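Here is how the chains run, residue by residue.
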Amino acid sequence: MKGYITIASLFAALAILFGAFGSHTLKERLSAQSLEVYDIATRYLMFHALGIFLIALLGFQLPKEFLETPVNMMIVGTSIFSGLSLIHI
């Protein structure tokens, strides 16, 4: 579960990095609609980072077999959604 905590920390750091980049650099370059999509992608990235972190913490109390599938699905889903949304912009 320590690896999932590392992944959650990485996702949170990326959410902060991309959010700051979007609000300071992209504000002048993107349309209002594109900026809204970018903002939603960074916000969801942070929410999912927190979710992955909480699931990883549960891994210290519950059997890992119950949590590996949900946490892996969150990692893949977040990577696809936020990754494609941020790259598309």
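Since this is a predicted model, take the numbers as computed values, not measurements.

A. Seen up close, the packing of aromatic side chains. If you walk through the whole model with that rule in mind, you get one aromatic pair. When the centroid spacing of 5.5 Å and the interplanar angle of 35 degrees are considered together, the rings of Tyr44 and Phe81 count as tilted. Of the two residues, Tyr44 is situated in helix α2 (residues 32-58) and Phe81 in helix α3 (residues 64-88); the sequence distance between them amounts to 37 residues. According to the relative accessible area criterion, Tyr44 is partly exposed, its value standing at 36%. Judged by its relative accessible area of 37%, Phe81 is partly exposed.

B. Main features of the pattern of salt bridges. Going through the model one piece at a time under the given rule, you end up with one salt bridge. Note that Asp39 is salt-bridged to Arg43, the shortest N-O span being 2.5 Å. Taken together, the residues Asp39 and Arg43, both in helix α2 and four residues apart, mark about one turn of the helix. Accessibility expressed as a relative area gives 36% for Asp39, which makes it partly exposed. For Arg43, a relative accessible area of 38% corresponds to the partly exposed category.

Rules and cut-offs
- Residues numbered from 1 in each chain as written.
- Predicted model: local features only at pLDDT ≥ 70, side-chain atom pairs only at ≥ 80, totals over all residues.
- Heavy atoms only, no water.
- Phe/Tyr/Trp six-rings, centres within 6.5 Å; stacked < 30°, edge-to-face > 60°.
- Helix = DSSP H or I, 4+ residues; strand = E, 2+ residues; numbered from the N terminus.
- Buried < 20%, exposed > 50% of the residue type's maximum accessible area, 1.4 Å probe, protein only.
- Salt bridge = Lys/Arg side-chain N within 4 Å of Asp/Glu carboxyl O.

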